[in-house]
Amino acid sequence: MRFVYEQADPIPKVMKPGVVYHDTEFELAELLCPCGCRHRITLLVPDGHRISVHGTTPSISPSIAVCDAPCGSHFFIRDGEVDWLPAFSPDHSARVMEQQVARHVADNLRNMSRWERLRRWVFRLWDRLSAYFRVGRD
Ligand SMILES: [Zn+2]
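What you see is a predicted model; the values in this text were computed from it and never measured.

## A short note on the overall build of the chain
When helices and strands are tallied, the chain shows one helix and eight strands. In summary, the chain has a C-alpha radius of gyration of 23 Å against a globular reference of 14 Å for 138 residues, an excess of more than 25%. With the C-alpha coordinates of the chain rotated into their principal frame, the extents come out at 80 × 35 × 25 Å. Burial status across the chain gives 12% buried among its 138 residues.

This is the structure we're talking about:
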């Protein structure tokens with residue numbers, strides 16, 4: 001199978017096999033699994049994967065691992081060609097998924113602590129302001 005690149009805004013609900021759809025606004029790319037299982041693969045571009053395009057021919061790096069479908073496909077797309085790597089075992093897939101989930105949770109905690117800091121800063125400011133006004137009234 002040879003992949004072609006298509007900029008899509010938005011990515012169509014029904015996708016054709018052999019097309020890498022790239023939504024630059026939402027920084028997503030989607031393609032159907034080249035093994036033929038029709039699993040819809042979603043990539044975060046450029047956060048997780050990078051796409052380089054020559055004409056309409058895409059190359060994607062790093063490799064694409066299908067961890068959320070039974071096929072466990074693992075491959076590169078280089079100059080539109082699928083370069084197969086050994087499929088992930090269900091165990092390996094589960095581990096990769098766990099790592100990804102753990103990373104998302106860690107990101108969320110970081111974001112939450114930023115909010116927490118802002119919230120505390122606002123409370124502190126409020127405290128000081130109300131203390132100031134209390135002093136002013138006395
Ligand atoms: Zn597949």
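## Remarks on the domain arrangement of the chain
By convention, interface size is frequently given as the accessible area that disappears when the constituent parts associate. In terms of domains, the chain is made up of domain 1 (1-87) and domain 2 (89-138). With four residues of domain 1 in contact, the opposing surface of domain 2 contributes five residues.

## Observations concerning the sheet that holds strand β6 (residues 57-65)
Sheet architecture is open: four strands sit in the order β5-β6-β7-β8, paired in antiparallel fashion. The outermost strands of the open sheet, each flanked by one partner alone, are β5 (50-54) and β8 (81-84). Neighbouring strand axes in the sheet, compared pairwise and without regard to direction, differ in orientation by 25° on average. Note that β6 and strand β7 (residues 74-78) share three bridges and pair antiparallel. Its bridge partner lying in β7, isoleucine 60 is registered against isoleucine 77.

## Things to note about the environment of arginine 38
With respect to the element layout, arginine 38 can be found in the loop between β3 (28-32) and β4 (40-44). Judged by local crowding, arginine 38 falls into the exposed class, with 11 C-beta atoms found within 10 Å. Here the alpha-carbon distance between arginine 38 and alanine 69, two residues 31 residues apart in the chain, equals 9.8 Å. With residues up to four places along the chain from it excluded, the contact list for arginine 38 reads Leu32 and Cys33.

## Comments concerning the nonpolar core
The biggest cluster of nonpolar side chains holds 10 residues, and these are Phe3, Tyr5, Val20, Tyr21, Ala29, Leu31, Leu32, Ile60, Ile64 and Ile77. Counting only elements with at least two residues in this core, the list comes to β2 (19-23), β3 and β6. With three residues, the single largest contributor to this core is β3. Not counting residues within four places of it along the chain, the set of residues in contact with tyrosine 21 comprises Glu6, Ala8, Ile11, Met15, Ala29, Glu30 and Leu31.

Cut-offs used in this document
- Each chain carries its own residue numbering, running from 1 in the written order of its sequence.
- Predicted model: local features are reported for residues with pLDDT of at least 70 only, side-chain atom pairs are reported and counted for 80 or more only, and whole-chain, interface and lining totals are derived from all residues.
- Only DSSP runs of H or I reaching four residues or more are called helices, and only runs of E reaching two or more are called strands; each is numbered from the N terminus.
- Our radius of gyration is a C-alpha quantity, and the globule rule it is checked against amounts to 2.2 Å times the number of residues to the power 0.38.
- Exposed residues have 12 or fewer other C-beta atoms within 10 Å of their own C-beta, buried residues have 20 or more, and residues in between are partly exposed; the C-beta atoms are placed from the backbone.
- Residue ranges for the domains trace back to a domain assignment, done automatically or taken from a database.
- Our contact criterion uses C-beta atoms placed from the backbone: two residues qualify when those atoms are within 7 Å.
- Two strands are counted as paired when DSSP detects at least two bridges linking them.
- Interaxial angle, 0 to 180 degrees, is taken between N-to-C directions of lines fitted to C-alpha atoms, where a helix line uses only the stretch in contact.
- By convention in this section, buried Ala, Val, Leu, Ile, Met, Phe, Trp, Tyr and Cys residues joined through C-beta atoms within 7 Å make up a nonpolar core.

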